[in-house]
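# Structural overview for review
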Amino acid sequence: MAALWTSADAIAATGGTSPCDWAANGVSIDTRSLRPGDLFVALKDVRDGHDFVAQALAQGAAAALVSRIPEGVSPEAPLLLVPDVLKGLEALGRAARARTAAKVVGVTGSVGKTSTKEMLRATLTGQGHVHAAEASYNNHWGVPLTLARMPADTDFAIIEIGMNHPGEIAPLARMADLDVAVITTVAPAHLFAFDGLEGIAQEKAAILDGLRPGGIAILPAGLDVSDILLAKATETGARAVTFAATGADWQIDRADWGAEASAVQAITPAGPRLFRVQSPGRHFAVNALAVLASAEALGADPALSAQGLGRWSPPAGRGQRERITTDPVADEGFELIDDAFNANPASMAASLDVLSILRPEDNVGRIRQGRRIAILGDMLELGPTELALHAEIAHHPAFASLAIVHCVGPRMKALHEALPQGRRGEWVETAAELLPRLRALVDAGDIVLVKGSKGIKVSLLVEALRKL
Ligand code: ATP
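Everything numeric in this text was worked out from a predicted model, so none of it was measured.

Turning our attention to the sheet that holds strand S12 (residues 239-244). If you walk across this open sheet you meet the 9 strands as S8-S9-S7-S10-S11-S12-S13-S14-S15, and the pairing is mixed. Each edge of the sheet is formed by a strand with only one pairing partner; in this case those strands are strand S8 (130-132) and strand S15 (273-277). Neighbouring strand axes in the sheet, compared pairwise and without regard to direction, differ in orientation by 20° on average. Sheet topology places strand S7 (residues 103-108) next to strand S10 (residues 178-183); 4 bridges connect them, and they run parallel. Within S10, the residue paired with Thr 108 across the bridge is Ile 183. Sitting on the sheet, helix H4 (residues 113-124) is in contact with S7, S8, strand S9 (156-160) and S15, with an inclination near 175° to S9.

Printed below as a string of structure tokens:
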């Protein structure tokens, strides 16, 4: 197998220097996951990667990308010396992109980036060599790292591009030099850093700055800010393909919204398309429209794409469903929906919709009918109107079908107080406080949704529920 990076290629890409020749098969930024033969990149994040270079080399790293010779490391060691490690990684990313004939799709949006990335991976797998990050590597180091890891024979690359602050998306999109750019949706998230929804839309639209000439933009229609996205397509000369709402290029014509899967017939400019999404919820079917539109824009085969999409299921923490057995003899248990990775008003609404269409186990013959229970943690980074956005959830129509709602976190107190008495469950400031009471909150036959922003750590409750 040809090396991913030879010292000569890496020197040509970065303008760095190296005391010796080496060849690396992978790129790593963390000694905990480093594999022998990787190029270790000494990034400075919470800790300075230079402190780990000696360890990386001892673990079998082929070389290390550094901006100085770290203490305890020989100047003769396989080091690629550059003035700035992050810039060096970016240069590797750009060079990796430039040397492939891959078709590259970039995915951004307020919610649904990772789900869409993974759907695209499933859709394109089997139609060529597919490259995408295993995790949500969507930031200033995640995008160049994903590109730097891209093998030269890649046919399709899927690059997730995120943002926390204005100005982040365009340079990352340019680095990826996109054939297709997807914006999943624009919704309140990270509002603290932006000028309302229009500001967020403008920032998301900046992904189009990274499109190659003749590139295609897959854009959500029917939003208040859709015009901003379309205007950007006109400004950049991108061909816009819209999805989601009635009247869009790709829209849902008919669908069977099952509890296990959605079967969808879509209207598209190239004729009708039939597909299945192996997880309930309209939001996933809408993401799937963007995915299939992107796959066709990349030149993939429509029938193989629909087949591939059918093999997708939601990643952990993003709506994954599990049956937890509490009494194996009586075959009793409950269903857990692990949605603890992220939350904002749009994904909260989508998850509550899903919960409302699932059927709790019918235990009538034995004890009782199972219940729909939600354990909801704070939605972070929503800015000055955060308490109102939390309280507003109480008006979501799905609440009518829930038995009880428990709230976790200081902001969720606003929802707790807005809930009608009958559905108001516990309120706790931290997830840890609910742990000792969890057993009493769940019965056999129930369906339990756990959702919240990562920082509020409702994932602790998911782990504890798995062990009940
Ligand atoms: P992050 O940047 O935090 O990784 P993300 O944009 O990658 O988030 P996902 O991880 O795909 O988003 O999904 C986060 C949550 O949003 C999950 O609960 C998922 O079910 C839900 N979700 C996915 N797509 C949509 C959508 N189109 N509309 C609303 N909710 C969605």
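Now, onward.
Before going further, it helps to spend a moment on the packing of aromatic side chains. Inspection of the entire model under this criterion finds 2 aromatic pairs. With a centroid separation of 5.0 Å and 65° between ring planes, the pair formed by Phe 284 and Trp 312 is classed as edge-to-face. With Phe 284 in helix H9 (residues 282-297) and Trp 312 in the loop between helix H10 (302-309) and strand S16 (320-327), this pair connects stretches of sequence that are 28 residues apart. With respect to burial, Phe 284 and Trp 312 carry one shared label: buried. Sitting above the plane of the Trp 5 ring, Arg 99 keeps its charged end 4.1 Å from the centroid. It is Lys 413 that lies over the ring of Trp 427; its NZ or CZ is 4.7 Å from the centre.

On domain assignment, one finds that the chain holds domain 1 (5-85), domain 2 (100-309) and domain 3 (320-466). Spacing between the C-alpha centres of domain 1 and domain 2 amounts to 33 Å. Interface of domain 1 and domain 2: buried area, both sides summed, is about 460 Å²; carbon and sulfur atoms make up 66% of it. Put simply, domain 1 and domain 2 have 0 salt bridges between them. Counting across the interface, domain 1 meets domain 2 through 2 residue pairs in polar contact (both at pLDDT 80 or more). Its residues assigned to classes, the side of domain 1 that touches domain 2 shows 4 nonpolar, 1 polar and 1 charged.

One non-glycine residue, Ala 244, lies in the positive phi region at around 100°. Relative to the helices and strands, Ala 244 is located in strand S12. A relative accessible area of 16% places Ala 244 in the buried class. With a phi angle near 60°, Lys 457 is a residue other than glycine that sits in the positive phi range. Within the secondary structure, Lys 457 is located in the loop between strand S21 (447-451) and helix H16 (459-466).

Turning our attention to the site of the ligand. Taken together, 20 residues lie around the ligand, and Thr 114, Ser 115, Arg 318, Asp 339 and Asn 342 are the ones closest in. In the model, an oxygen atom of the ligand is placed 3.5 Å from a nitrogen or oxygen of the His 283 side chain. Contacts to the ligand include Asn 342, whose side-chain N or O atom sits 2.3 Å from an oxygen atom. Within the complex, the protein chains bury 90% of what would otherwise be the 630 Å² of accessible surface of the ligand.

The α-helix advances 3.6 residues per turn, and as a result positions three or four apart in sequence lie on the same side. Its 13 residues place the ends of helix H11 (residues 345-357) 19 Å apart at the C-alpha level, agreeing with the 18 Å of an ideal helix rising 1.5 Å per residue. Those residues of H11 that sit buried are Ser 347, Met 348, Ala 350, Ser 351, Leu 352, Val 354 and Leu 355. Packing partners of the buried residues in H11 comprise H9, strand S17 (332-339), strand S18 (372-377) and S21.

Between side chains of opposite charge, a pair can form when the charged atoms approach closely. According to the stated counting rule, one finds 22 salt bridges in the structure shown. Arg 466 is the partner of Glu 322 in a salt bridge, and the nearest nitrogen-oxygen pair spans 2.7 Å. Here Glu 322, found in strand S16, pairs with Arg 466, found in helix H16; they are 144 residues apart in sequence, far enough to count as distant. One connected set of salt bridges, linked through shared partners, spans Arg 97, Asp 177, Asp 179 and Arg 212.

Rules of the game
- Residues numbered from 1 in each chain as written.
- Predicted model: local features only at pLDDT ≥ 70, side-chain atom pairs only at ≥ 80, totals over all residues.
- Heavy atoms only, no water.
- Pairing = 2+ DSSP bridges.
- Helix = DSSP H or I, 4+ residues; strand = E, 2+ residues; numbered from the N terminus.
- Axes fitted to C-alpha atoms, helices over the stretch in contact; angles between N-to-C directions.
- Contact = heavy atoms within 4.5 Å.
- Phe/Tyr/Trp six-rings, centres within 6.5 Å; stacked < 30°, edge-to-face > 60°.
- Buried < 20%, exposed > 50% of the residue type's maximum accessible area, 1.4 Å probe, protein only.
- Lys NZ or Arg CZ within 6 Å of the ring centre and 35° of its normal.
- Domains from an automatic or database assignment.
- Buried area = accessible area lost by both parts, 1.4 Å probe.
- Salt bridge = Lys/Arg side-chain N within 4 Å of Asp/Glu carboxyl O.
- Polar contact = N/O pair within 3.5 Å; in protein donor to acceptor, adjacent residues only side chain to side chain.
- Nonpolar A, V, L, I, M, F, W, Y, C, P; charged D, E, K, R; others polar.
- Near = heavy atom within 4 Å.
- Areas by Shrake-Rupley, 256 points an atom, 1.4 Å probe, with all protein chains shown as cover.
- Expected span 1.5 Å × (residues − 1).

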